[in-house]
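Secondary and tertiary structure notes
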Amino acid sequence: MENPTTSKVVLLACGSFNPITNMHLRMFELARDHLEDTGQYSVIKGIISPVGDAYKKKGLIEASHRVEMARLATESSEWITVDSWESQQSDWVETSKVIRHHYEELLAREHNRDDVDTVKYTKKRRIEENYIASSVHHRKRDGPQLMLLCGADVLESFGIPNLWKQEDIAEIVGRYGLVCVTRSGSDPHKFINQSDDLWKYRKNIHVVHEWVTNDISATHVRRALRRGRSVRYLLPESVVRYVQEHSLYSAESEQKNADVVLAPFQKYSDASTSG
Amino acid sequence: MENPTTSKVVLLACGSFNPITNMHLRMFELARDHLEDTGQYSVIKGIISPVGDAYKKKGLIEASHRVEMARLATESSEWITVDSWESQQSDWVETSKVIRHHYEELLAREHNRDDVDTVKYTKKRRIEENYIASSLSPLSLCSDGPQLMLLCGADVLESFGIPNLWKQEDIAEIVGRYGLVCVTRSGSDPHKFINQSDDLWKYRKNIHVVHEWVTNDISATHVRRALRRGRSVRYLLPESVVRYVQEHSLYSAESEQKNADVVLAPFQKYSDASTKTES
């Protein structure tokens, strides 16, 4: 539903996707419906970016599997895609860096659409200047926007000490934008209200209410698989098959990284001690 | 996972399936896992039986569509099937009758497995005698015979308490003779409800309560609402069903008004009956 008065939006979801579930996919659909419903946006693409193994989350299985399952899950979607850049990095990458990477790719693709070199060069320089100039404003109106898509739990994780850098939070909500899909039982508006940083950029935070309680958490899915229970109809068929064929998710896989510190905590506490 | 010491079970789910959703399908999977986990049962088949149009529920679209969507949804399942017998009846059929119909079909199929006529005749007669004799004992009478259990959500169990929706003798037959597998949604407490009803309490051993460990409350009502508003229902229904709904433009504000001013069939039937007995 693209028309010249709407801003083009790309939705980026970062996370473990361990494994991807129908709930993750619903999140994209809900976000797109919500944004387009305002009449201001046109959602042109969705990107799933599974986190790298270096994140060291307990029970996180190999990125290669998680990326492949996400690919199978989105095969039949005309707009949701999977990107493995983040998962291929040897160190853990902060979400703000992942966003920046994808935004730059997005701009580059826009540039390549221009026919004439001089126009391209001029436009590219203009965009770069705008990019630098509008440090905490929205980017150009006719340029595409990249927004981070997440659940209310991610928004609320902004409050966990040492998990995020304050300047990263400011950049994500200030420069890019956040689409937050609520689960019943959480109140994003209250959380936004209680944080000065978030309150300042509340216009860039789009809260989407999940009208159907569809709380298919990957944690529950892994638990069911460990116990030999069926997970059919909670994940796309192709993903259920993949999990079975590769015997993923056992009591053993759930103990991975059990005694290891999560990468952000490691990184940010190292930083504070070396300071 | 069939072994000679387990009872064979067929699960039958009656309902509107208006439309069928991933939640309905999950219900079967959860029920099977639960029963087989006890080590006493082997679930050999699931049957989805969409209600007929004569049920007159508000917003109920044509049975032909509902049956077809259920077929598409179960195409890839090795054990869940769809049966259109109930939907093809011109009058509304009570659930107890639907169960009886399917149980008779089940027995007939079992008989046809027997090789020798005399053995078949003897077994058939024995089963019939047992059926008549054990008026309200569970049909694990022939413990080598398959059982048919009604599969439902907690809302159906609790609907047993709504006046004029069910006949008391039907409830007794369903839980007494056949058995119930009830999948709970968070927010409802089947055990409490069972406890508060003498009929249900009597047959509590035949009522299997399955706790839904994942809140997967994809109600068909919500799905229809989303469709009316042009919202996406992808990943709430099987892909083939989403496509079918789109191709046939099912579920609009108009379709939701169907039967808006009509009395639900059971209420019509049971209040007719009660007014007749007065004369």
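Every chain begins its residue count from 1, and numbering advances along the sequence as written. Chains and ligands are labelled by the order in which they are written, letters from A for the one and numbers from 1 for the other. Predicted model: local features are reported for residues with pLDDT of at least 70 only, side-chain atom pairs are reported and counted for 80 or more only, and whole-chain, interface and lining totals are derived from all residues. Derived side-chain values reflect all non-hydrogen atoms in the structure, with water molecules and hydrogen atoms excluded from consideration.

In the annotation of an unreviewed UniProt entry, the entry for chain B reads Nicotinamide-nucleotide adenylyltransferase, and the organism field reads Poecilia latipinna. UniProt positions are given in the numbering used here, feature names are shortened, and annotations may be inferred rather than shown by experiment. Of the comments in the UniProt record for chain B, the one headed Sequence similarities (unreviewed entry) reads "Belongs to the eukaryotic NMN adenylyltransferase family."

An unreviewed UniProt entry lists chain A under the name Nicotinamide-nucleotide adenylyltransferase, from Poecilia latipinna. UniProt, in the comment section headed Sequence similarities (unreviewed entry), describes chain A in these words: "Belongs to the eukaryotic NMN adenylyltransferase family."

The numbering of helices and of strands both runs from the N terminus, where a helix is a DSSP run of H or I of at least 4 residues and a strand a run of E of at least 2. Helix and strand counts for chain A come out as 13 helices and 6 strands. Across the 275 residues that make up chain A, the buried fraction comes to 54%. Of the roughly 13,300 Å² of accessible surface on chain A, 48% is carried by carbon and sulfur atoms. Only protein chains enter the accessibility calculation, which uses a 1.4 Å probe; a residue whose area is less than 20% of its type maximum is buried, one above 50% is exposed, and one in between is partly exposed. Computed by Shrake-Rupley with a 1.4 Å probe, the accessible areas treat only the displayed protein chains as cover when residues are assessed.

What follows is about the confidence of the model for chain B. Residues and elements named next belong to chain B. Per-residue confidence for chain B gives a mean pLDDT of 85; residues scoring 70 or more make up 83%. What pLDDT expresses is the predictor's confidence in each residue, scored from 0 to 100. Within chain B, strand S3 (residues 80–82) carries the highest mean pLDDT (98), whereas helix H5 (residues 117–133) carries the lowest (56). Note that pLDDT drops below 50 for residues 133–137; the model gives that stretch 9 contacts with residues more than four away or on any other chain. Two residues qualify as a contact provided that any one of their heavy atoms is within 4.5 Å of a heavy atom in the partner residue.

Any carboxyl oxygen of Asp or Glu within 4 Å of a side-chain nitrogen of Lys or Arg constitutes a salt bridge here. This structure, assessed with the given rule, holds 26 salt bridges over all chains. Arg66 of chain A serves as the salt-bridge partner of Asp53 of chain A, at 3.0 Å between the closest nitrogen and oxygen. Of the two residues, Asp53 of chain A is situated in the loop between strand S2 (41–50) and helix H2 (63–74) and Arg66 of chain A in helix H2; the sequence distance between them amounts to 13 residues. With a relative accessible area of 33%, Asp53 of chain A lands in the partly exposed category. With its nearest N and O atoms 3.2 Å apart, the salt bridge here joins Lys269 of chain B to Glu94 of chain B. Within this pair, whereas Lys269 of chain B is found in helix H13 (residues 265–278), its partner Glu94 of chain B is found in the loop between helix H3 (85–88) and helix H4 (95–111), the two being separated by 175 residues in sequence. Owing to a relative accessible area of 35%, Lys269 of chain B belongs among the partly exposed residues under this scheme. Several salt bridges converge on common partners, so that one network encompasses Glu94, Lys97, Lys165 and Lys267 of chain A.

Let us look at the interface of chain B and chain A. At the interface, 26 residues of chain B touch 26 residues of chain A. Of the roughly 2,500 Å² buried at the junction of chain B and chain A (both faces included), carbon and sulfur atoms supply 50%. At the junction of chain B and chain A, the tally comes to 4 salt bridges. Notably, a salt bridge pairs Glu78 of chain B with Arg232 of chain A, separated by 2.7 Å at the nearest N-O pair. Definition of a polar contact: a pair of N or O atoms within 3.5 Å, with one able to donate and the other able to accept a hydrogen when the atoms are protein atoms, and with sequence-neighbouring residues admitted only if both atoms are side-chain atoms. The interface formed by chain B and chain A holds 16 residue pairs in polar contact (both at pLDDT 80 or more) in total. Residue assignment for the side of chain B that touches chain A shows that the elements contributing at least two residues are helix H1 (22–37) and helix H10 (220–228) of chain B. Here the element with the most residues in the side of chain B that touches chain A is H1 of chain B; it accounts for 6 residues. Side-chain classes are defined by residue name, with Ala, Val, Leu, Ile, Met, Phe, Trp, Tyr, Cys and Pro counting as nonpolar, Asp, Glu, Lys and Arg as charged, and the others, Gly among them, as polar. Of the residues contributing to the side of chain B that touches chain A, the split by class is 10 nonpolar, 7 polar and 9 charged. A quick way to say it: buried area is the sum, across both parts, of accessible area lost when two parts are put together, with a 1.4 Å probe.

Let us now look at helix H7 (residues 168–178) of chain B. All names here are of chain B. Where burial is concerned, most of H7 is hidden: 9 out of the 11 residues are buried. Of the residues making up H7, those classed as buried are Asp170, Ile171, Ala172, Glu173, Ile174, Val175, Gly176, Arg177 and Tyr178. Positive phi shows up at Gly179, right after H7, with a value of about 130 degrees.

Right, let's talk about the environment of Glu256 of chain B for a bit. Residue and element names in this part refer to chain B. On the secondary structure map, Glu256 appears in helix H12 (residues 253–256). For Glu256, a relative accessible area of 11% corresponds to the buried category. The spacing of Glu256 and Arg225 is 31 residues in sequence and 8.9 Å in space, taken between C-alpha atoms. Once you skip the residues sitting within four places of it in the chain, Glu256 turns out to touch Lys58, Gly59, Arg224 and Arg228.

Further remarks concern the pairing of S2 of chain A. Residues and elements named next belong to chain A. Counting buried positions along S2 gives 8 out of 10 residues, so the element sits mostly inside the fold. Pairing between two strands is assigned when DSSP locates at least 2 bridges connecting them. In this structure, strand S1 (residues 7–15) lies alongside S2, joined through 9 bridges in parallel fashion. Of the residues in S2, the one forming a bridge with Val10 is Lys45. In this sheet, strand S3 (residues 80–82) lies alongside S2 in parallel orientation, the contact comprising 3 bridges. Paired with Gly46 across the bridge in S3 is Ile80.

For the rest of this paragraph, the subject is unusual backbone geometry. At the junction of Asn18 of chain A and Pro19 of chain A, the peptide bond is cis and its omega measures out at 5 degrees in the coordinates. Looking at where Pro19 of chain A falls in the secondary structure, it is placed in the loop between S1 and helix H1 (22–37). Omega for the peptide link from Asn18 of chain B to Pro19 of chain B comes to 0 degrees, which places this bond in the cis form. By the element assignment, Pro19 of chain B lies in the loop between strand S1 (7–15) and H1. Phi at Ser249 of chain B takes a positive value of approximately 45 degrees, unusual for a residue other than glycine. Considering the arrangement of structural elements, one finds Ser249 of chain B in the loop between helix H11 (239–247) and H12. Taking relative accessible area as the criterion, Ser249 of chain B reaches 62% and is therefore assigned exposed.

The subject of this paragraph is the sheet that holds S3 of chain B. Strand pairing in a sheet relies on backbone hydrogen bonds, with the paired strands running either antiparallel or parallel. Residues and elements named next belong to chain B. With parallel pairing, the 6 strands of this open sheet are ordered in space as S3-S2-S1-S4-S5-S6. Edge positions in the sheet fall to S3 and strand S6 (207–211), since each has one partner strand and no second. The mean angle between the axes of side-by-side strands here comes to 25 degrees, regardless of whether they run parallel or antiparallel. As paired elements, strand S4 (residues 147–153) and strand S5 (residues 180–184) share 4 bridges and run parallel to each other. By the bridge assignment for S5, Gly153 is matched with Val183. Here, axes are lines fitted to C-alpha atoms. For helices the fit covers the stretch in contact, and angles between N-to-C directions go from 0 to 180 degrees.

Turning our eyes to something else, we now look at the packing of aromatic side chains. Only Phe, Tyr and Trp rings are paired, with Trp represented by its six-membered ring, and only when their centres lie within 6.5 Å; those with planes under 30 degrees apart are stacked, over 60 edge-to-face, the remainder tilted. Summed over all chains, the structure comprises 8 aromatic pairs over all chains. Pairing Phe158 of chain A with Trp164 of chain A gives two aromatic rings, centres 4.8 Å apart and planes at 85 degrees, and the pair type is edge-to-face. Comparing Phe158 of chain A with Trp164 of chain A shows no difference in burial state: the two are buried. Pairing Phe160 of chain B with Trp166 of chain B gives two aromatic rings, centres 4.8 Å apart and planes at 85 degrees, and the pair type is edge-to-face.

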